[in-house]
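Results of the structural survey
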Amino acid sequence: MTTATVNLTWRNWAGNQTSVAAAVARPTSTDEVAEIVRAARATGGTIKPAGSGHSFTAAAATTGTRLDLSGLAGIVDADPASKLVRVRAGTPLHVLNSELARRGLAMPNLGDIAVQTISGALATGTHGTGRAYGCLSTFVAELEVVTGTGEVVRCSPSVEPDLFAAALVGVGAVGVVTEVTLRTTDAFILHADERATPLADVLASIDERVATNDHFEFYWFPYTERTLIKANNRVSVDDRPRNRFSAWFNEDLMENTALGTVVRLARAVPAWTPTLMRTTARLVSPRNYTERSDLVFTSPRRVRFVEMEYGLPREALSEAFAALRKIIDTLPDRIAFPVEVRFTAADDIWLSHGYGRDNVYIAIHQFVGMPYERYFRAFESACAALGGRPHWGKMHWRTAADLRPAYPRFDDFLAVRDRVDPDRVFANDYTRQVFGD
Ligand SMILES: Cc1cc2nc3c(=O)[nH]c(=O)nc-3n(C[C@H](O)[C@H](O)[C@H](O)COP(=O)(O)OP(=O)(O)OC[C@H]3O[C@@H](n4cnc5c(N)ncnc54)[C@H](O)[C@@H]3O)c2cc1C
């Protein structure tokens, strides 16, 4: 293990959160993590595991000891028969995806990017889209956790089930996850079908589109009646490979370089934003290809933005969307980023945004350096009234008092936390905001 007093300053990907740690520790084993936790507890200190810094909230910020988990990475064991894969907590998703592919396996579903660590992604309820799929934590069979008292516990639905239910989406507050056992699936090919579609058509046929595609989502361009729809479906043959030029053209040039230019122009001259959004929406070109699943689900994001995302009961989509349109139409600030809408299945994880209900997720963004607070706050208040639950890793202003009614098992979570972290070794300003202490 190395403990250092260099690189104390931490900054997240979006650049909207910074913190200065008292020390940084880089454990290379579970026992070392346990030792660090016990030492911190004995001196009244705090610890925060940091993933890849891809949360927009201050979930990973700390003034105590930051745990750099890069020394706890890689696959421990992959059983081809059961497809259960044990992976160390600090493994980045893109490494996990490649290692799984080498073994003929895959994650059943993924979000939009693959740079997060597996434990960071699980901790905040990271999700993709698909009517039959919950967040990534629903693919977990077992966790190894170092609790706030320095105990190492392996938990699952049958062993320490309460700790398991709490730590699956634990917001970094009930322990350091050191190892994850994932229920993976056979590797599969996705057929990606992306095209521009009028917003009214998408909204009128949304239930059918979600029901008849494995993974459906859409992006709406503010100030327009246009969307980009994405339908990814499992197929048995990889017969429409994307050539390198097309991948570069769409992902690098269109989704990153061109988008970067558009949002920079919008930031320089906000009044142009509606015209720029209309032009961008018109430039959307259809794409139709097959590829390895993780390479379809995820893509690079080089344009920096801030984001808020709300999980809402599926039936609240039209009301939430109408509220969003009204906010954008009446705000003095201009919104220079598309809105992303995704769908997930209900699960039973206590702090999952999908606890007990099928969700629609509405994600709103703003280019860094452009005003976002009025926009985000207005949408937050519309979503809160509709039973919305904020993504734990994306910006929001909710506190313990108003989150409690949104999560039926909130107090059960707090009871586990009291038991396994009585001295609040894992506390930071964010846990104080969302859990009350
Ligand atoms: C460009 C971009 C795209 C994104 N796309 C999606 C998406 O498609 N879907 C989605 O749902 N989200 C998405 N997110 C959000 C992102 O998935 C989450 O914020 C995720 O938590 C980030 O993982 P990380 O490894 O960077 O963790 P960090 O942000 O570094 O940490 C997040 C939390 O996890 C805790 N943590 C980390 N490791 C451990 C551990 N070993 N044990 C216990 N707690 C731990 C930290 O303490 C912190 O509380 C996106 C974010 C960005 C910036």
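Quick caveat, the model's predicted, so the values are computed rather than measured. (Residues numbered from 1 in each chain as written. Predicted model: local features only at pLDDT ≥ 70, side-chain atom pairs only at ≥ 80, totals over all residues. Heavy atoms only, no water.)

Things to note about the domain arrangement of the chain
Cut-off, in case you're wondering: What fixes the domain bounds is an automatic or database domain assignment. Residue contacts are counted whenever heavy atoms from the two residues lie within 4.5 Å of one another. Buried area is a sum: the accessible area each of two parts loses on coming together, probed at 1.4 Å, counted once for each and added. Any Lys or Arg side-chain nitrogen located within 4 Å of an Asp or Glu carboxyl oxygen qualifies as a salt bridge. Secondary structure is summarised from DSSP: a helix means a run of H or I of at least four residues, a strand means a run of E of at least two, and numbering begins at the N terminus for each. Throughout, the ten residues Ala, Val, Leu, Ile, Met, Phe, Trp, Tyr, Cys and Pro are labelled nonpolar, Asp, Glu, Lys and Arg are labelled charged, and all others, Gly among them, are labelled polar.
The domain boundaries assigned to the chain delineate domain 1 (72-186) and domain 2 (189-395). Domain 1 and domain 2 are separated by 25 Å when their C-alpha centres are compared. In this assembly, 31 residues from domain 1 lie in contact with 33 residues from domain 2. Overall, the association of domain 1 and domain 2 removes approximately 2600 Å² of surface from exposure, summing both partners, and the carbon and sulfur fraction of that is 57%. Remark: the boundary between domain 1 and domain 2 carries 3 salt bridges. Here Arg 301 makes a salt bridge to Asp 112, at a shortest N to O gap of 3.6 Å. Of all the secondary structure elements, the ones that give two or more residues to the side of domain 1 that touches domain 2 are helix H2 (93-102) and helix H4 (161-167). Across the side of domain 1 that touches domain 2, the residue classes tally to 14 nonpolar, 14 polar and 3 charged.

Observations regarding the packing of aromatic side chains
Where we set the bar: Stacked, edge-to-face and tilted labels apply to pairs of Phe, Tyr and Trp rings (six-membered ring for Trp) whose centres lie within 6.5 Å, assigned for plane angles under 30 degrees, over 60, and everything in between, in that order. The rule is simple: take the accessible area with a 1.4 Å probe, protein chains only, and divide by the maximum for that residue type; under 20% is buried, over 50% is exposed, in between is partly exposed.
Taken as a whole and judged by the stated rule, the model has 14 aromatic pairs. Ring geometry for Phe 410 and Phe 435: centres 6.1 Å apart, planes at 45°, overall tilted. Linking Phe 410 in helix H13 (residues 410-420) with Phe 435 in helix H14 (residues 429-435), this pair joins segments that are 25 residues apart in sequence. There is no split in this pair, since Phe 410 and Phe 435 are both buried.

Details of the sheet that holds strand S12 (residues 176-183)
Applicable threshold: By definition, two strands form a pair when at least two bridges between them are found by DSSP. All axes here are fitted lines through C-alpha atoms, helices being fitted over the stretch that makes contact, and every angle between N-to-C directions spans 0 to 180 degrees.
In spatial order, the strands read S7-S8-S12-S10-S11; together these 5 strands make up an open sheet with antiparallel pairing. Of all the strands in the sheet, just strand S7 (75-78) and strand S11 (152-155) have a single pairing partner and so form its edges. Strand-to-strand twist in this sheet, taken as the mean axis angle between neighbours without regard to direction, amounts to 15°. Direction of pairing for strand S10 (residues 140-146) relative to S12: antiparallel, over a ladder of 6 bridges. Looking across to S12, one finds that Val 140 is bridged to Leu 182. Helix-sheet contacts for helix H1 (residues 30-42) involve S10, S11 and S12, and the interaxial angle to S10 is about 45°. Set on the sheet, H2 makes contact with S7, strand S8 (84-88) and S12; between it and S7 the angle comes to about 30°.

Concerning the side chain of Asn 109
Put simply, the rule is: Contacts described as polar in this section are N or O atom pairs within 3.5 Å, which, within protein, must combine one atom able to donate a hydrogen with one able to accept it, while residues neighboring in sequence count only if both atoms come from side chains.
The residue Asn 109 is located in the loop between strand S9 (105-106) and helix H3 (118-123) in this model. Of note is the side chain of Asn 109, whose polar atom sits 3.4 Å from the side chain of His 215. Those residues in contact with Asn 109 that lie beyond four places of it in its chain are Gly 128, Thr 129, Gly 130, Tyr 133, Leu 136, Phe 139, His 215 and Phe 297.

Regarding the nonpolar core
The criterion, for reference: Residue types Ala, Val, Leu, Ile, Met, Phe, Trp, Tyr and Cys, when buried and joined through side-chain atoms within 4.5 Å, form a set referred to as a nonpolar core.
Among the nonpolar cores identified, the biggest contains 61 residues, and Leu 96, Leu 143, Leu 351, Trp 392, Phe 413 and Phe 435 are the most heavily contacted of them. Residue-level mapping places this core at the junction of two domains, with at least three residues from each of domain 1 (72-186) and domain 2 (189-395). Of all hydrophobic cores here, the second largest spans 50 residues; its members include Leu 312, Phe 337, Val 360 and Phe 376.

Description of the pattern of salt bridges
Going through the model one piece at a time under the given rule, you end up with 30 salt bridges. Of the charged contacts in the structure, one is a salt bridge between Asp 412 and Arg 409, with a shortest N-O distance of 2.5 Å. For Asp 412, a relative accessible area of 32% puts it in the partly exposed group. Residue class for Arg 409 comes out partly exposed when judged on its relative accessible area of 27%. Between Asp 437 and Arg 417 there is a salt bridge, with its nearest N and O atoms 2.9 Å apart. Placement of the pair is Asp 437 in the segment after H14 and Arg 417 in helix H13, with a sequence separation of 20 residues. Note on Arg 417: relative accessible area 0%, which makes it buried. A cluster of three or more residues bridged by salt bridges with shared partners is formed by Asp 112, Arg 301, Glu 307, Glu 309, Glu 340, Arg 342 and Lys 394.

A word on the sheet that holds strand S18 (residues 305-313)
Strand pairing in a sheet relies on backbone hydrogen bonds. The paired strands run either parallel or antiparallel. The strand order across the open sheet formed by 8 strands is S17-S14-S16-S15-S19-S20-S18-S21, and the pairing between neighbours is antiparallel. Taken across any chain shown, the strands that pair with only one partner, and hence form the sheet edges, are strand S17 (287-292) and strand S21 (389-390). Bridge count for strand S15 (residues 215-220) against strand S16 (residues 226-235) is 6 bridges, and the pairing is antiparallel. Bridge assignment links Glu 217 to a residue of S16, and that residue is Lys 230. Packing against the sheet, helix H10 (residues 317-330) makes contact with S15, S18, strand S19 (339-344) and strand S20 (359-367), and its axis sits at approximately 15° to S20.

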